[in-house]
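Understanding the architecture of this molecule
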Amino acid sequence: MAESKRKPNLMKTKVPMPVQDPDVRIKNFDEVALGYTPEQAVEEARRCLRCKDSPCIKGCPVNVEIPRFIELIEERKFHEAYLKILETNNLPAICGRVCPQESQCERYCLRGEKGEPVAIGRLERFAADYVATHGELGYEAPDMAAPKGRVAVVGSGPAGLTCAADLAKMGYRVTIFEAFHTPGGVLVYGIPEFRLPKRVVQREIENLKKLGVEIQTNMVIGKILSVDELLDGGYDAVFIGAGAGLPQFLRIPGENLNGVFSANEFLTRINLMRAYRFPEYDTPVKVGRRVAVIGGGNVAMDAARCALRLGAEKVYVVYRRSEKEMPARLEEIQHAKEEGVEFRLLTNPVRIIGDDDGWVKALECVAMELGEPDASGRRRPVVKPGSEHCLEVETVIVAIGTTPNPLITEATPGLELTPFGGIMVDGATGRTSRPGIFAGGDIVTGAATVILAMGAGKRAAKAIDEYIVAKK
Amino acid sequence: MNRIIRKRVLGPAVKLIEVESPLIAKKVQPGQFVMLRVHEKGERIPMTISDYDRQKGTVTIIFQEVGKTTMLLGRLEEGDSILDLVGPLGKPTDLQGLERVVAIAGGLGVALVFSQIKELHRRNSKVDCIIGARNKDLVLLEEEIEPFCTNLYIVTDDGSRGERGFVTDVLKRLLDEGRRYDRAIAVGPLNMMKVVSDLTRQYGLPTVVSMNPIMVDGTGMCGCCRLTVGGQIKFACVDGPEFDGHLVDFDEVIKRTAMYWEEEKIAVELLQQRL
């Protein structure tokens, strides 16, 4: 299409995404956002101004060629659009759904200055979903007759999957070791079905297998095999993408009462073990009539919305700062509000009160005010005197973050760690203090986003290739 | 993988299975456990490894059928496989430098303490073992454990085998007689471990207990198995499963263990209807 004849769609707002009605969706675990139709996608793609310097690309941690794939969608070349994304992003169906676009690509979109930015995430998702239902995926099994080497990847979350895919495409024989019985890491145990359907994750994992990647489940590296045993056992390099699996608690009285969960436990029971289908599935979960979720991130939103779907009548999100400081994606906060989650902002829990049998009956809180900015640049909340009050709840879910699980680092001598227990790496390559061992994702950064973990997996794959080539 | 090569019925609803798992068998140390799952919609439950054979590449699990998962596990026969088996998890028991040990095992606890007693014997430690059970049918592994013990005492609630009474009656007598031990190892029902710990505290005898709380992942990820030990939150799966019995808040553990009783009952009833 000649540039001069093209008239962009000048609507100030994004083409709305069809969603399940809030009253309906809080009774099921089906996906909330239903995705664009081809017509809607083309209409939205026409909003792109095709800026000369493509500021959106710089906002993407894996530098997807955003204007180019959007142009292909506009031309209805959906398959080609998908392949364009795939050049730099192995998991478009997932990123299109869970990336915080408003703080990445869409943040730099020129359209955002006078209205809403182009819905890059929705278009990415559209391209991936369209191809998944209409055509062949872009993966081709590489020739494994003479692999360039063998690499072990520990963990099958976004970092591990990306690292494995890139290495396989370069011609390496890759084995992924996953601790759970199902691969996918946080994509499977953490993010609920209504936000990221497990069939989407499954599809990406099948694609990976088509690339020749082997996945061994039920393998806790650090216990059944050490990283050193992998290196001694024929692997040329090891990538550790084991995630930040260790839940943080508040360290307030009453935290071991029955009815108090870490978000990790609550979500694992529901997402991985499918407790929402108990007793068809064996794993149960307890959800009271009233639930308080503590925290302001995506995990807190996920937990709150799961609690609603499991029948809670009242769900509070208790967060000690204001809505502006909430780290959750905008869309998740909006969806949670639409579904009836009540936000108790500038509120901090101080004590969980139990009954005689050891079950939660209330959460005692204090009100907060915002003071001076702290190290993170966010204004530090301080307690308002005399503001103690109680929320009557039967369930408390603690979603204040996770730190790297020490299981693998404790079993790997000589690995330098950060003060938070994460693995110390060179950010550009994922190299650790030990030759042949690379790391990336939440085990390096602490709990972060899917796309950042993927970016780290990608950089490490490149560095692993260079390392092995140099060694051989 | 995870094929059952031997199965024995040890007592009412108590079964032993020996499972092929060469990698776990190669690494396991006494005191460690596995997580297992028996069908595609199944839950993950922890099981202590009772015994292992590194050469054969097998681990042995002894369990009582109390819930749906253990009932389904009990229906597996030789030649069948366990769907998922993960391990070895948890910290191994530190058995170094122990010359004299008293092991107190209640009910199924014998199965759990078996590998430790065997290992202590291999290290030439002297082990007095007290096995307690409700009645003679529930006294497990007596013959198997005997060769590894210096003295073996059996005690039942109804006196149908050994002395009549409770494990603490025998333990108190031994301690009052002037027996000296470097450590007590207590494994069994929570109440038993609690009263044993209360008793040994009075004698200043260091006591290790083995916790078996509800777990989901078994790798430190969910915190479901947390308990208070000496005022600190610990995860049984990665910090334990063994802890200083004098520091464990047993009352809290007992309450937490009851969390899903209602659901466990529902699951068992539905299973029984189906069978």
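Residues numbered from 1 in each chain as written. Chains lettered and ligands numbered in written order. Predicted model: local features only at pLDDT ≥ 70, side-chain atom pairs only at ≥ 80, totals over all residues. Heavy atoms only, no water.

**Section: helix α2 (residues 68-75) of chain B**
Residues and elements named next belong to chain B. The buried fraction of α2 is high, at seven of eight residues. Along α2, the positions that sit buried rather than exposed are Lys68, Thr69, Thr70, Met71, Leu72, Leu73 and Gly74. Residues of α2 that are buried sit in contact with β1 (4-11), β2 (14-20), β3 (33-37), β4 (45-48), β6 (58-64) and α9 (261-274). (Buried < 20%, exposed > 50% of the residue type's maximum accessible area, 1.4 Å probe, protein only. Helix = DSSP H or I, 4+ residues; strand = E, 2+ residues; numbered from the N terminus. Contact = heavy atoms within 4.5 Å.)

**Things to note about the sheet that holds strand β7 (residues 84-89) of chain B**
All names here are of chain B. Across the sheet, which stays open at both edges, the three strands sit in the order β4-β3-β7 with antiparallel pairing between neighbours. Each edge of the open sheet is held by one strand with a lone partner, namely β4 and β7. Each adjacent strand pair in this sheet contributes to an overall mean axis angle of 30 degrees, direction not counted. The strands touched by α2 within the sheet are β3 and β4, with β4 carrying the most contacts at an inclination of about 60 degrees. (Pairing = 2+ DSSP bridges. Axes fitted to C-alpha atoms, helices over the stretch in contact; angles between N-to-C directions.)

**Some details on the pairing of β3 of chain B**
Residue and element names in this part refer to chain B. Of all the five residues making up β3, five are buried; the element is thus mostly covered by neighbouring parts of the structure. Side chains Phe33, Met35 and Arg37 of β3 all project onto a buried face; the interleaved residues Val34 and Leu36 project onto the opposite face, where all are buried too. As paired elements, β3 and β4 share four bridges and run antiparallel to each other. In the strand pairing of β4, valine 34 is matched with methionine 47. Here β3 runs beside β7; their pairing, made up of four bridges, is antiparallel. Bridge pairing in β7 links methionine 35 to valine 86.

**Looking at unusual backbone geometry**
A negative phi angle is the norm for most residues apart from glycine, just as the trans form is the norm for most peptide bonds. Following glycine 87 of chain B, the chain continues into proline 88 of chain B via a peptide bond in cis, with omega recorded as -10 degrees. Along the chain, the position of proline 88 of chain B falls in strand β7. Between glycine 240 of chain B and proline 241 of chain B the backbone carries a cis peptide bond, its omega angle lying at 15 degrees. Inspection of the secondary structure puts proline 241 of chain B in the loop between α7 (236-239) and β16 (242-244). One non-glycine residue, serine 54 of chain A, adopts positive backbone phi at about 40 degrees. Of the residues examined, serine 54 of chain A reaches a relative accessible area of 15% and is grouped as buried. One non-glycine residue, asparagine 2 of chain B, lies in positive phi territory at about 60 degrees.

**Details of the UniProt feature "binding site: [2Fe-2S] cluster" (unreviewed entry) in chain B**
All names here are of chain B. Using the residue numbers shown here, the UniProt feature "binding site: [2Fe-2S] cluster" (unreviewed entry) corresponds to Cys222, Cys225 and Cys237. The greatest C-alpha distance among the annotated residues, which extend across 16 residues, is 9.9 Å, indicating that they converge on a single site. As for its placement among the helices and strands, cysteine 225 is situated in the loop between β13 (207-210) and β14 (226-229). Apart from the residues within four sequence positions on either side, cysteine 225 is in contact with Pro213, Ile214, Met215, Lys234, Phe235, Ala236 and Cys237. With respect to the helices and strands, cysteine 237 occurs in helix α7. Those residues in contact with cysteine 237 that lie beyond four places of it in its chain are Phe33, Gly90, Met215, Gly218, Thr219, Gly220 and Cys225. (UniProt positions renumbered as here; feature names shortened; annotations may be inferred.)

**Observations regarding the sheet that holds strand β7 (residues 290-294) of chain A**
Residue and element names in this part refer to chain A. Spatial ordering of the open sheet is given by β6-β14-β7-β8-β9, a layout of five strands whose pairing is parallel. Strand pairing shows two members of the sheet lacking a second neighbour, β6 (260-262) and β9 (342-344), which therefore form its edges. Across the sheet, the mean angle from the axis of one strand to that of its neighbour is 20 degrees, orientation sign disregarded. Of the strand pairs in this sheet, β7 and strand β8 (residues 314-318) are connected by five bridges, and their pairing is parallel. Counted as the bridge partner of isoleucine 294 is valine 318 from β8. Here helix α12 (residues 263-272) sits on the sheet and contacts β6 and β14 (395-398); the angle it forms with β6, its principal contact strand, is near 85 degrees.

**Some points on the nonpolar core**
Side chains of a nonpolar character, in soluble globular proteins, are inclined to be buried together. Ranked by size, the top nonpolar core spans 82 residues in total, and within it Ile66, Phe69, Ile70, Ile73, Ile94, Leu123 and Ile464 of chain A carry the most contacts. If you tally residues by element for this core, the top one is helix α17 (residues 450-471) of chain A, at 10 residues. Excluding anything up to four places from it in sequence, isoleucine 464 of chain A contacts Val151, Cys163, Leu167, Ala237, Phe239 and Phe438 of chain A. Listed in part, the 55 residues of the second largest apolar core include Val396 of chain A together with Tyr153, Met192 and Leu205 of chain B. (Core = buried A, V, L, I, M, F, W, Y, C linked by side-chain atoms within 4.5 Å.)

**Points about the pattern of salt bridges**
Counting across every chain of the model gives 63 salt bridges over all chains. The shortest N-O distance in the salt bridge between glutamate 338 of chain A and arginine 25 of chain A comes to 2.8 Å. Of this pair, glutamate 338 of chain A sits in helix α14 (residues 330-338) while arginine 25 of chain A sits in helix α1 (residues 22-25), and the two are 313 residues apart along the sequence. Notably, a salt bridge pairs glutamate 263 of chain B with lysine 286 of chain A, separated by 3.1 Å at the nearest N-O pair. (Salt bridge = Lys/Arg side-chain N within 4 Å of Asp/Glu carboxyl O.)

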